[in-house]
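Descriptive analysis of the structure
As a plain string of letters, each chain reads:
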Amino acid sequence: MATWNHILLIDSNSPLMEQLNFFHDHTLLIITLITILVGYNMLSLLTNSFINRFLLHGQLIEIIWTILPAIILLFIAFPSLRLLYLLDETNKPSLTLKSIGHQWYWSYEYSDFKNIEFDSYMVPSAELNEGDFRLLDVDNRIVLPNHTQIRLITTATDVIHSWTVPSLGVKIDATPGRLNQTNFYMNRSGLFFG
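What counts, and where the lines are drawn
- Residues numbered from 1 in each chain as written.
- Predicted model: local features only at pLDDT ≥ 70, side-chain atom pairs only at ≥ 80, totals over all residues.
- Heavy atoms only, no water.
- Helix = DSSP H or I, 4+ residues; strand = E, 2+ residues; numbered from the N terminus.
- Rg over C-alpha atoms; globule rule 2.2 N^0.38 Å.
- UniProt positions renumbered as here; feature names shortened; annotations may be inferred.
- Salt bridge = Lys/Arg side-chain N within 4 Å of Asp/Glu carboxyl O.
- Buried < 20%, exposed > 50% of the residue type's maximum accessible area, 1.4 Å probe, protein only.
- Expected span 1.5 Å × (residues − 1).
- Contact = heavy atoms within 4.5 Å.
- Polar contact = N/O pair within 3.5 Å; in protein donor to acceptor, adjacent residues only side chain to side chain.
- Axes fitted to C-alpha atoms, helices over the stretch in contact; angles between N-to-C directions.
- Parallel < 35°, antiparallel > 145°, perpendicular 65-115°, else oblique.
- Nonpolar A, V, L, I, M, F, W, Y, C, P; charged D, E, K, R; others polar.
- Patch = residues over 30% accessible without salt bridge, like charges linked within 9 Å, V, L, I, M, F, W, Y side chains within 5 Å.
- Areas by Shrake-Rupley, 256 points an atom, 1.4 Å probe, with all protein chains shown as cover.

So, on to the overall build of the chain. When you go through the chain residue by residue, the secondary structure sums to 2 helices and 7 strands. Along the chain direction, N to C, the helices and strands of the chain fall in the order α-α-β-β-β-β-β-β-β. Over its C-alpha trace the chain gives a radius of gyration of 24 Å, far above what one expects of a compact globule, namely 16 Å for 194 residues. Reported as C-alpha extents along the three principal axes, the dimensions of the chain are approximately 80 × 40 × 35 Å.

Take a look at the structure:
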């Protein structure tokens, strides 16, 4: 869980979140290299007094500064598209969880079992125990198995809600009158907040 002085990303607990972390690091490296290159060029322009008379009418330099950014964008676009397809892919789920967003709570249904449904309310600040997290702890937690492909179906009854667990790389909107679907896979057991 992220704390107030947390600088890096949250530890991943699913393969999808690991891929999101890798993509973040990949893109950050490219942006850092571009920033260093542009900063070096700006500094050299400010400190250099040499003038090249062929620089104003050079077809080669125009070709270079047109093609090079396109190649850099491809190095960002291909991993991004691969990740989008990975996030959207729905494998054969072993368990289906239906989540219904209400004004101040969530309702959950285990669709694969009969009559297993419950409401999950946020614990009021006055009733929190030592070590509980304010605005994150609930009275009825979802219990899900790890090393299992899980399908999540969300909807809402009143307004648009957002169901998210950052360490699993899952974020989906619950819209009234519509069923949205996503999937996730947990690598290890634990208590995940979202």
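Picking up where we left off.
Here the UniProt feature "domain: Cytochrome oxidase subunit II copper A binding" (unreviewed entry) sits at residues 92–194. Taken end to end, residues 92–194 comprises 0% helix and 41% strand; its first and last C-alpha atoms sit 24 Å apart.

What follows concerns the environment of Glu-130. In this fold, Glu-130 is placed in the loop between β3 (117–121) and β4 (149–156). Measuring from C-alpha to C-alpha, the distance between Glu-130 and Asn-187 comes to 28 Å, with 57 residues separating the pair along the chain.

Turning to the pattern of salt bridges, a few remarks are in order. Where charged atoms of side chains with opposite charge meet at close range, the side chains can pair. Tallied over the entire structure, the rule returns 1 salt bridge. One salt bridge connects Arg-141 with Asp-137, and the closest N-O pair in it is separated by 2.7 Å. According to the relative accessible area criterion, Arg-141 is partly exposed, its value standing at 41%.

What follows deals with helix α1 (residues 15–47). Helix length check: α1 (33 residues) gives 48 Å between terminal C-alpha atoms against 48 Å at 1.5 Å per residue, within 8%. If you check which residues of α1 are buried, you get Leu-16, Met-17, Asn-21, Thr-27 and Ile-30. In this structure, the buried residues of α1 make contact with α2 (59–88) and β7 (180–185).

It is worth spelling out the environment of Arg-178 at this point. Here Arg-178 shows up in the loop between β6 (170–174) and β7. Arg-178 gets classed as exposed once you look at its relative accessible area, which sits at 52%. Considering only alpha carbons, one finds Arg-178 and Pro-79, 99 residues apart in sequence, at a separation of 30 Å. Engagement of the side chain of Arg-178 in a polar contact is seen with the side chain of Asn-180, the distance being 3.1 Å.

The next point concerns the side chain of His-102. Tracing the backbone through its elements, the reader meets His-102 in the loop between β1 (95–101) and β2 (105–110). With a relative accessible area of 15%, His-102 lands in the buried category. Setting aside residues no more than four positions away along its own chain, His-102 makes contact with Ser-107, Thr-157, Asp-158 and His-161.

Glancing now at the packing of α1 against α2. At a minimum axis separation of 11 Å, α1 and α2 run at an interaxial angle of 170°. The angle between the axes of α1 and α2 places the two elements in the roughly antiparallel class. For the pair α1 and α2, contact is made by Leu-16, Gln-19, Leu-20, Phe-23, His-26, Thr-27, Ile-30 and Ile-34 and by Ile-72, Phe-75, Ile-76, Pro-79, Ser-80, Arg-82, Leu-83, Leu-86 and Leu-87, respectively. For the contact of α1 with α2, the residue count by class is 12 nonpolar, 4 polar and 1 charged.

Turning our attention to a nonpolar patch on the surface. On the surface, Leu-74, Phe-78, Leu-81, Leu-84 and Tyr-85 cluster together to form a nonpolar patch covering roughly 570 Å² of accessible area. For Leu-81, the location among the structural elements is in helix α2.

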